[in-house]
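# Summary of structural features
Read off the chains here:
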Amino acid sequence: MRVVVIGQGYVGLTIAVGAADAGHSVTGYDVNENLVSQLNAGISHIEGISNAQIDKVISRGTFVAGSDSSLLDGSDVIVIAVPTPLDDARNPDLSYIHAATDLIARNVKSPALIINESTSYPGTLRTEIASRITAVDHFYASSPERVDPGNDQWSIKNTPRLIGGLTPTAVAKAREFYATFCDTIIEVSSPEVAEAAKIFENTFRQVNIALVNEFAQIADAIGISGREVIDAAATKPFGFMEFNPGPGVGGHCIPVDPSYLAHVANQVGVPATFIKPANEVNVAMPAYVVGRVVAGADASIKGKTVVVVGVAYKSNVADTRETPAAAVIDLLRQRGATVTWHDNLVGSWRGESSGAIKGSDIAVLVTKHDGLDLAALKSCGYVFDCTGTIAGADGI
Ligand SMILES: NC(=O)c1ccc[n+]([C@@H]2O[C@H](COP(=O)([O-])OP(=O)(O)OC[C@H]3O[C@@H](n4cnc5c(N)ncnc54)[C@H](O)[C@@H]3O)[C@@H](O)[C@H]2O)c1
């Protein structure tokens, strides 16, 4: 099949390489021309896709990146994988979806299967994509991406894929496409079900993370270890699912997607009572961490050197979007500490470079990647661990 994937970020590049590997003729379309040149030179910008994988599909002739809109016409399949952030009022910002849709409307003259993989609220495929394209009768399906960058166990191949289409033919075509590189395909009765499943999955995660974060604070105040309690509870073989506390949530999904659900709930007049407080608990975690660090460091960090270790939002990825490390650093600086940071995967961030761990008065472990120099970390005067890695250290 001739496939165009609009957006070559975490989701789009993963799908493009998966489809190219399966033998489809894939164009990775992106508005970022630097990224396009980099991809055509065989350089990956995300974890989970190596340079060798890109080289392989380029040399087989099944993948090319481009920014020319004329590349879209004549495609069998067009996958939309663009950002779906929140605006300043924390409402869904569909401007990227609209831009991708308008790109299709302007350039694609023959019927194609249009699939939206970007995360959005139920109704997006029908009302924000299909209804904006009037000149050509395309086939439309929703298949929200579930990829977890950095996860070695679950890939696009073995993570079950949901599909919902506007018509049975669209579903059949989407199944035919995904069956070439995904093991398990689950058809649901409408695109709205597929879209809602994705935001419900991430809301479930956000609410449960908030619950353990709140519980960790209660446990600490009681004088017991929250992690030990959670591990103990997790010995129950049914009716309990383990989540672990941390310094807050980051990335493109957990801090964002639940607000898409709250938005539709608001539109249909149903209160989404869990989402806002869960977000507030998670957003307040950096302040809690800093309060504990100050308390643990003899009630003051003024004039002390602090290294924040791990600024990516989760283990083994270099992604710093919405990372709670930003607030941890800013709050430590407000308390008068001299703060540097170290991340063995992130070289530079916010105009600063990754520095050394050794020699600081205080180390705050926010995110732990494989290969972290734990001996250097332990050599700092006081260590606060947000990851449950260092036995006996203060932390959450
Ligand atoms: N990152 C994840 O782990 C993950 C997992 C599942 C779902 N999602 C969802 O997938 C979608 C994409 O997320 P991502 O992490 O891949 O984003 P990203 O920021 O990594 O990549 C998006 C890409 O789209 C490009 N782009 C923006 N507007 C464009 C346009 N009009 N035409 C062509 N290219 C355009 C950008 O230049 C960028 O390269 C979002 O809805 C996100 O919520 C992300």
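Going by the structure above, here's the rest.
Here goes a summary of the coordinates provided. Keep in mind the model is a prediction, meaning the values are calculated, not measured.

### A few points about the overall build of the chain
Helix and strand counts for the chain come out as 13 helices and 15 strands. A compact globule built from 396 residues would reach a C-alpha radius of gyration of about 21 Å, and the chain, at 23 Å, matches this within 12%. When its C-alpha atoms are laid out on the principal axes, the chain stretches across 70 × 50 × 40 Å. Every one of the 396 residues in the chain was classed for burial, and the buried ones make up 48%. Accessible surface for the chain amounts to roughly 17,400 Å². Of this, 54% is attributable to carbon and sulfur atoms. Distance between charge centres in the chain, computed from 29 positive and 42 negative side chains, equals 1 Å.

### A few points about the sheet that holds strand S2 (residues 25-29)
Pairing in this open sheet of eight strands is mixed, and the strands run S3-S2-S1-S4-S5-S6-S7-S8 from one edge to the other. Two strands lie at the open edges of the sheet, namely strand S3 (63-66) and strand S8 (185-187), each paired on one side alone. Strand-to-strand, the axes of this sheet are offset by a mean angle of 25 degrees, without reference to chain direction. Taken together, the five bridges between strand S1 (residues 2-6) and S2 define a ladder with parallel strand orientation. Residue pairing across strands places Val-4 opposite Thr-27, the latter belonging to S2. On top of the sheet, helix H7 (residues 191-222) reaches strand S6 (139-142) and strand S7 (161-165); it is set at about 145 degrees to S7, its chief contact.

### Description of the nonpolar core
Of all hydrophobic cores here, the largest spans 35 residues; its most connected members are Phe-63 and Phe-177. Taken together, the elements giving at least two residues each to this core come down to S1, helix H1 (10-21), helix H2 (33-40), helix H3 (51-59), S3, strand S4 (77-80), strand S5 (113-116) and helix H6 (168-178). Per-element accounting of this core gives the leading share, seven residues, to H1. Here Phe-177 is in contact with Met-1, Val-3, Ala-19, His-24, Val-77, Val-79 and Ile-115, once residues within four sequence places are set aside. Counting residues in each nonpolar core, the second largest holds 29 residues, with Val-306, Ile-329, Ala-337 and Tyr-382 among its members.

### Remarks on the site of the ligand
Taken together, 26 residues lie near the ligand, and Tyr-10, Val-11, Asp-30, Thr-84 and Thr-119 sit nearest. In this structure, Asp-30 approaches the ligand through a side-chain N or O atom, which is 2.6 Å from an oxygen atom. Within the complex, 89% of the 840 Å² of free accessible area of the ligand lies under protein. For the shell around the ligand, the secondary structure elements donating two or more residues are H1 and helix H4 (95-107). Residue classes in the shell around the ligand are distributed as 14 nonpolar, eight polar and four charged.

### Re the packing of H7 against helix H8 (residues 226-233)
In the contact formed by H7 and H8, the axes pass within 8 Å of each other and the chain directions differ by 120 degrees. On the basis of their axis angle, the class for H7 and H8 is oblique. Judged by residue contacts, Val-212, Phe-215 and Ala-219 of H7 engage Gly-226, Val-229 and Ile-230 from H8. Considered class by class, the residues forming the contact of H7 with H8 number five nonpolar, one polar and no charged.

### Some remarks on the sheet that holds strand S9 (residues 305-309)
Spatial strand order, S10-S9-S13-S14-S15: five strands in an open sheet with parallel pairing. Two strands in the sheet have a free side with no partner beyond their single neighbour: strand S10 (338-342) and strand S15 (394-395). As judged from the five bridges shared by S9 and S10, these two strands associate in the parallel manner. Residue Val-308 lies in a different strand from S10, and its bridge partner there is Trp-341. Taken strand by strand, helix H11 (residues 285-296) contacts strand S13 (362-365), strand S14 (382-385) and S15, and its axis lies near 155 degrees from that of S14.

### Some details on the side chain of His-369
Of note, His-369 is situated in the loop between S13 and helix H13 (374-378). Among the polar contacts made by the side chain of His-369, one reaches the main-chain amide nitrogen of Asn-316 at a distance of 2.7 Å. Setting aside chain neighbours within four positions, we find His-369 in contact with Ala-312, Lys-314, Ser-315, Asn-316, Val-317, Asp-343, Asn-344 and Leu-345.

About the thresholds
- Residues numbered from 1 in each chain as written.
- Predicted model: local features only at pLDDT ≥ 70, side-chain atom pairs only at ≥ 80, totals over all residues.
- Heavy atoms only, no water.
- Helix = DSSP H or I, 4+ residues; strand = E, 2+ residues; numbered from the N terminus.
- Rg over C-alpha atoms; globule rule 2.2 N^0.38 Å.
- Buried < 20%, exposed > 50% of the residue type's maximum accessible area, 1.4 Å probe, protein only.
- Areas by Shrake-Rupley, 256 points an atom, 1.4 Å probe, with all protein chains shown as cover.
- Lys, Arg positive; Asp, Glu negative; His and termini not counted.
- Charge placed at Lys NZ, Arg CZ, Asp CG, Glu CD.
- Pairing = 2+ DSSP bridges.
- Axes fitted to C-alpha atoms, helices over the stretch in contact; angles between N-to-C directions.
- Contact = heavy atoms within 4.5 Å.
- Core = buried A, V, L, I, M, F, W, Y, C linked by side-chain atoms within 4.5 Å.
- Near = heavy atom within 4 Å.
- Polar contact = N/O pair within 3.5 Å; in protein donor to acceptor, adjacent residues only side chain to side chain.
- Nonpolar A, V, L, I, M, F, W, Y, C, P; charged D, E, K, R; others polar.
- Parallel < 35°, antiparallel > 145°, perpendicular 65-115°, else oblique.

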